[in-house]
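Residue-level listing of the chains:
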Amino acid sequence: LIPCVIYGHGKDCLSVTLNEHDFDLAMHHGERLLEVDLEGKIENVLIKDVQWDTYGQVVLHVDLTRVNLDERVEVTVPIVLRGTPAGAADGGVLQQSTAQVRIECIVTGIPEDVRLQVNDLNIGDSLVMSDLELPEGATLLDEPDTTICTVIVIAEEEEAPAEEEEGAAEPEGIGAKQDEDEGAEGEEAAA
């Protein structure tokens, strides 16, 4: 069982537990809106926050907020890029700088993700938030000119040829033994 807190709509905050298997299944399918049975009374709740263990494997706690089915909510949805940019044939690489978008939509219309086609992008082209096709009735909350992705060329650094100097002295190692000839010269100079 997973500990949860249900709050919102001016009602008391409730501490409940959810079946781990059912919750994992809902999360796997991208569900955000759940129906929770509270002693025979069904409440619609929105997954507001999920706390994971250090390794991101086990759910430790969930925050749920009560919602009406005709209510509009603010959510963050992942952006999924689809296709291969035309500029890839010329050595371009697609670089995604923004992976999520904030939208406002009706509770029953929350998308699992927002998909964006990148097939027509050439080197130097980019897509911004205003290029997203949002679900019907959804409103963009992020700045429309925020860059999502760009096709760039990654330049390789040229290595400078190593210059070999004739007679370049090798560094002297600290604590290294001196040759016998050098040791004798050092003793004569000391005397």
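Residues numbered from 1 in each chain as written. Predicted model: local features only at pLDDT ≥ 70, side-chain atom pairs only at ≥ 80, totals over all residues. Heavy atoms only, no water.

Caption draft 1: How the structure looks around the overall build of the protein. Helices and strands together make up the secondary structure of the protein, namely 2 helices and 12 strands. Counting from the amino terminus, helix and strand elements in the protein follow one another as β-β-α-β-β-β-β-β-β-β-β-β-β-α. With 191 residues in all, the protein has 29% of them scored as buried. When the accessible surface of the protein is totalled, it reaches about 13,600 Å², and 45% of it is carbon and sulfur. (Helix = DSSP H or I, 4+ residues; strand = E, 2+ residues; numbered from the N terminus. Buried < 20%, exposed > 50% of the residue type's maximum accessible area, 1.4 Å probe, protein only. Areas by Shrake-Rupley, 256 points an atom, 1.4 Å probe, with all protein chains shown as cover.)

Caption draft 2: View of the pairing of strand S1 (residues 2-8). Burial analysis of S1 places 5 of its 7 residues in the buried class, which makes it a mostly covered element. Where S1 lies against strand S2 (residues 11-18), 6 bridges are found, and the strand directions are antiparallel. Bridge pairing in S2 links Ile6 to Leu14. The loop that links S1 with its antiparallel partner S2 comprises 2 residues; one of these, His9, has a positive phi angle of about 60°. Looking at chain direction, S1 and strand S5 (residues 59-66) are connected through 4 bridges and run parallel. Counted as the bridge partner of Ile6 is Leu64 from S5. (Pairing = 2+ DSSP bridges.)

Caption draft 3: Quick look at helix H1 (residues 20-28). Two or three places before His21, at the start of H1, stands the capping residue Asn19, its side-chain oxygen 2.8 Å from that residue's backbone nitrogen. Phi for Gly30, located one or two positions after H1, is positive at around 75°. (Polar contact = N/O pair within 3.5 Å; in protein donor to acceptor, adjacent residues only side chain to side chain.)

Caption draft 4: Summary view of the sheet that holds strand S11 (residues 139-140). In spatial order, the strands read S9-S6-S8-S11; together these 4 strands make up an open sheet with mixed pairing. Only two strands of the sheet have a single neighbouring strand rather than two, namely strand S9 (114-117) and S11. Looking at chain direction, strand S6 (residues 72-82) and strand S8 (residues 100-106) are connected through 7 bridges and run antiparallel. Paired with Arg72 across the bridge in S8 is Ile106.

Caption draft 5: Inspection of the side chain of Thr98 at higher detail. Looking at the secondary structure, you find Thr98 in the loop between strand S7 (92-96) and S8. On the accessibility criterion, Thr98 (16% relative accessible area) is buried. Setting aside chain neighbours within four positions, we find Thr98 in contact with Ile79, Met129, Thr146, Thr147 and Ile148. (Contact = heavy atoms within 4.5 Å.)

Caption draft 6: Examining the pairing of S5 more closely. The buried fraction of S5 is high, at 7 of 8 residues. Counting the residues that bridge the hairpin from strand S4 (residues 41-52) to S5 gives 6 residues, and of these Gly56 lies at a positive phi of roughly 70°.

Caption draft 7: View of the nonpolar core. Core analysis: the biggest nonpolar cluster contains 23 residues, and Val101, Leu132 and Ile148 have the highest contact counts within it. Counting only elements with at least two residues in this core, the list comes to S6, S8, S9 and strand S12 (147-153). Here this core gets 5 residues from one element, more than from any other, and that element is S6. Apart from the residues lying within four places of it in its own chain, the contact partners of Ile148 are Ile79, Leu81, Gln95, Gln96, Ser97, Thr98, Leu116, Leu127, Val128, Met129 and Leu132. Core analysis: the second largest hydrophobic core is formed by 16 residues, Ile2, Phe23, Leu34 and Leu64 among them. (Core = buried A, V, L, I, M, F, W, Y, C linked by side-chain atoms within 4.5 Å.)

Caption draft 8: Quick peek at the environment of Val118. If you trace the backbone, Val118 turns up in the loop between S9 and strand S10 (126-128). On the basis of relative accessibility, which here comes to 0%, the residue Val118 falls in the buried class. C-alpha separation for the pair Val118 and Gly87, spaced 31 residues apart in sequence, amounts to 10.0 Å.

Caption draft 9: Looking closely at the side chain of Asp142. Looking at the secondary structure, you find Asp142 in the loop between S11 and S12. Side-chain polar atoms of Asp142 contact the backbone nitrogen of Arg102, separated by 2.8 Å.

Caption draft 10: Spotlight on the pattern of salt bridges. Counted under the stated rule, the structure contains 4 salt bridges. With a closest N to O distance of 3.3 Å, Arg72 and Glu104 form a salt bridge. Of the two residues, Arg72 sits in strand S6 while Glu104 sits in strand S8, which places them 32 residues apart along the sequence. Note that Arg115 and Asp113 form a salt bridge whose closest N and O atoms lie 3.2 Å from each other. (Salt bridge = Lys/Arg side-chain N within 4 Å of Asp/Glu carboxyl O.)

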